[in-house]
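Each chain, written out:
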Amino acid sequence: MNNTHKLVIVVGSVREGRFGPVVAAWVAEQARLHGGFDVDVVDLAEFDVPLTLPAVSPKAAGADYPRPAGLAGLTSALEGADAFIVVTPEYNHSYPASLKAAIDWHFTQWTAKPVAFVSYGGAAGGRHAVLHLENVLTELHAVTVRDGLVFPNYFTAWQDGRPLDPAAAGYAKTLLDQLTWWAGALHAARASAPYPA
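Throughout this document, residue positions are counted from 1 along each chain, in the order its sequence is written. Given that the model is predicted, a residue must reach a pLDDT of at least 70 before its local features are reported, and side-chain atom pairs must reach 80 or more before they are shown or counted; all residues, however, enter totals for whole chains, interfaces and linings. The basis for every side-chain value is the complete set of heavy atoms in the structure, and neither hydrogens nor water enter the calculation.

**Some words on the side chain of Lys 113**
Piece 1. Strands here are runs of E lasting at least two residues and helices are runs of H or I lasting at least four, both read from the DSSP assignment and numbered beginning at the N terminus. Among the structural elements, Lys 113 can be located in the loop between helix H4 (97–104) and strand S4 (114–121).
Piece 2. We call a residue buried when its accessible area falls under 20% of the maximum for its residue type, exposed when it is over 50%, and partly exposed in between, using a 1.4 Å probe and counting protein chains only. Charged residues are defined here as Lys and Arg on the positive side and Asp and Glu on the negative side; His and the ends of the chain fall outside this count. What makes a salt bridge here is a side-chain nitrogen of Lys or Arg within 4 Å of a carboxyl oxygen of Asp or Glu, nothing more. Glu 79 provides the closest opposite charge to the buried, salt-bridge-free Lys 113, at an N-O distance of 5.2 Å.
Piece 3. By the convention used here, residues are in contact when the closest approach between their heavy atoms is within 4.5 Å. Excluding its chain neighbours within four sequence positions, the residues that come into contact with Lys 113 are Leu 78, Glu 79, Ala 81, Asp 82, Phe 84, His 141, Ala 142, Val 143, Leu 186 and Arg 190.

Put into C-alpha cells, the structure is as follows:
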C-alpha cells in the first residue's frame, strides 16, 4: 500500500540569477529522504504566466476558466498535488509578482490542501513574504502550515547547495511531518465530502 502524498514544491522567483532553485533542490532532497511524499519540483520560470487575467474569476468559472495553453502543465501539477511547499524570496517586503500571478490563475487547485513555506532573503529571511502569502492562500481556502523554514542572509548561510546551519535538516523534518499529517487528513476529508467553498 502506497502511503505517500503528492508534494509539489513551487519555485516562486523567476528573477535572473535567483537562488530559489538551489533552495528548492535541497528541500526536495529532504522531502524524498522523509519518505512521506512523491516529490515534484515546479519552477515558475518554465511557464509563461501572464499578468493580465480574464474578467471572470477562476472560482466563478470553474472548469471553464480560459487559461492560456502554456499554463496547462502548471495547472495539472497544482491540481494533482496533495500538498505544497512554496519556496519564495522577499522582494520589497513581499513575495514575487510571478508567484502572485501563478496563484491568481488558479483557485480550486489550492482549496483544502496544505501549504508550507520555505523563504530566504536578507536579515528577515523572507518572513514578510510568507506573512503575505499566508493571507492570500487562506483566501483560497488552503491550509497554511505553521512551521516553516527561514534562511536569513542566504548569501553567507549556504555553501555547495546546502545550508550551513546543522539544525536546518531537523527543522525541515518538522515542517514535513506537519505537512504529511495535513496532507493525509485533508485528502481523506476531500474524498469523503466536497469542500463547501
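Next comes the rest of the write-up.
**Some remarks on the nonpolar core**
Piece 1. In this structure, Leu 74, Leu 99, Ile 103, Trp 110 and Leu 137 are the most contacted members of the largest nonpolar core, which totals 31 residues.
Piece 2. Mapped by element, the contributors of at least two residues to this core are strand S1 (5–11), helix H3 (72–80), strand S3 (83–89), H4, S4 and helix H5 (127–139).
Piece 3. With 5 residues, H5 is the largest single contributor of residues to this core.
Piece 4. If we ignore the near neighbours within four places in the chain, the residues touching Leu 99 are Val 10, Gly 12, Leu 44, Val 86, Thr 88 and Leu 133.
Piece 5. To define a nonpolar core, start from buried Ala, Val, Leu, Ile, Met, Phe, Trp, Tyr and Cys residues and group those joined through side-chain atoms within 4.5 Å. Counting 28 residues, the second-largest nonpolar core is a separate cluster that includes Phe 19, Val 87, Leu 175 and Ala 183.

**Some thoughts on the packing of H4 against H5**
Piece 1. In contact at an axis separation of 11 Å, H4 and H5 are set at 10 degrees when each is read in the N-to-C sense. With respect to H5, the axis of H4 lies roughly parallel. Between H4, through Leu 99, Lys 100 and Ile 103, and H5, the contact on the second element is made entirely by Leu 133, Val 136 and Leu 137.
Piece 2. Each residue receives one of three labels: charged for Asp, Glu, Lys and Arg, nonpolar for Ala, Val, Leu, Ile, Met, Phe, Trp, Tyr, Cys and Pro, and polar for the others, Gly being one of them. Within the contact of H4 with H5, the residues separate by chemical class into 5 nonpolar, no polar and 1 charged. The convention used is that axes are lines fitted to C-alpha atoms, helices contributing only their stretch in contact, and that angles between N-to-C directions extend from 0 to 180 degrees. In what follows, roughly perpendicular refers to angles from 65 to 115 degrees, roughly parallel to angles under 35, roughly antiparallel to angles over 145, and oblique to any angle outside these ranges.

**Quick word on the environment of Thr 75**
Piece 1. Among the structural elements, Thr 75 can be located in helix H3.
Piece 2. In this structure, Thr 75 is in contact with Arg 67, His 106 and Gln 109, ignoring residues within four places of it in sequence.

**Considerations on the packing of helix H1 (residues 20–34) against helix H7 (residues 168–192)**
Piece 1. Where H1 meets H7, the closest approach of the two axes is 10 Å, and the angle between their N-to-C directions is 65 degrees. Here H1 runs over H7; the crossing is right-handed. Each of Trp 26, Gln 30, Ala 31 and His 34 in H1 lies in contact with H7, whose residues at this interface are Ala 168, Ala 169, Ala 172, Lys 173, Leu 176, Asp 177 and Thr 180.
Piece 2. Broken down by class, the residue content of the contact of H1 with H7 amounts to 6 nonpolar, 3 polar and 2 charged. By convention, the crossing between two helices is left-handed when the near helix turns anticlockwise from the far helix through less than a right angle, and right-handed when the turn is clockwise.

**Examining the packing of aromatic side chains**
Piece 1. Two rings from Phe, Tyr or Trp (for Trp, the six-membered ring) form a pair when their centres sit within 6.5 Å of each other. Planes less than 30 degrees apart are called stacked, planes more than 60 degrees apart edge-to-face, and all others tilted. Enumeration over the complete set of coordinates arrives at 11 aromatic pairs.
Piece 2. Here the aromatic rings of Phe 84 and Trp 110 are separated by 4.6 Å at their centres, their planes lie at 50 degrees, and the arrangement is tilted. Residue Phe 84 is located in strand S3, and its partner Trp 110 is located in the loop between H4 and S4; the two are separated by 26 residues in the primary sequence. A single burial state applies to Phe 84 and to Trp 110, both of which are buried.
Piece 3. An aromatic cluster of at least three residues, connected via ring pairs, comprises Phe 19, Trp 26, Tyr 120, Phe 151, Tyr 154, Phe 155 and Trp 158.

**Brief notes about H5**
Piece 1. Multiplying one less than the number of residues by 1.5 Å gives the expected span of a helix. In this model, H5 (13 residues) spans 19 Å end to end at C-alpha, consistent with the 18 Å of a helix rising 1.5 Å per residue.
Piece 2. Those residues of H5 that sit buried are Ala 129, Val 130, Leu 133, Val 136 and Leu 137. Viewed end-on, H5 has its buried residues packed into an arc of 125 degrees, placing them on one side of the element. In H5, the exposed positions angled more than 90 degrees off the buried face are occupied by Asn 135 and Glu 139.
Piece 3. Of the residues trailing H5, His 141 is marked for its positive phi of about 70 degrees. Taking the helix axis as origin, the arc is that swept by the directions to the C-beta atoms.

**Remarks on unusual backbone geometry**
Piece 1. Positive phi values are uncommon outside glycine, yet Asn 92 reaches one of about 50 degrees.
Piece 2. Even without being glycine, His 141 reaches a positive phi, approximately 70 degrees.
Piece 3. The residue His 141 is located in the loop between H5 and strand S5 (143–144) in this model.

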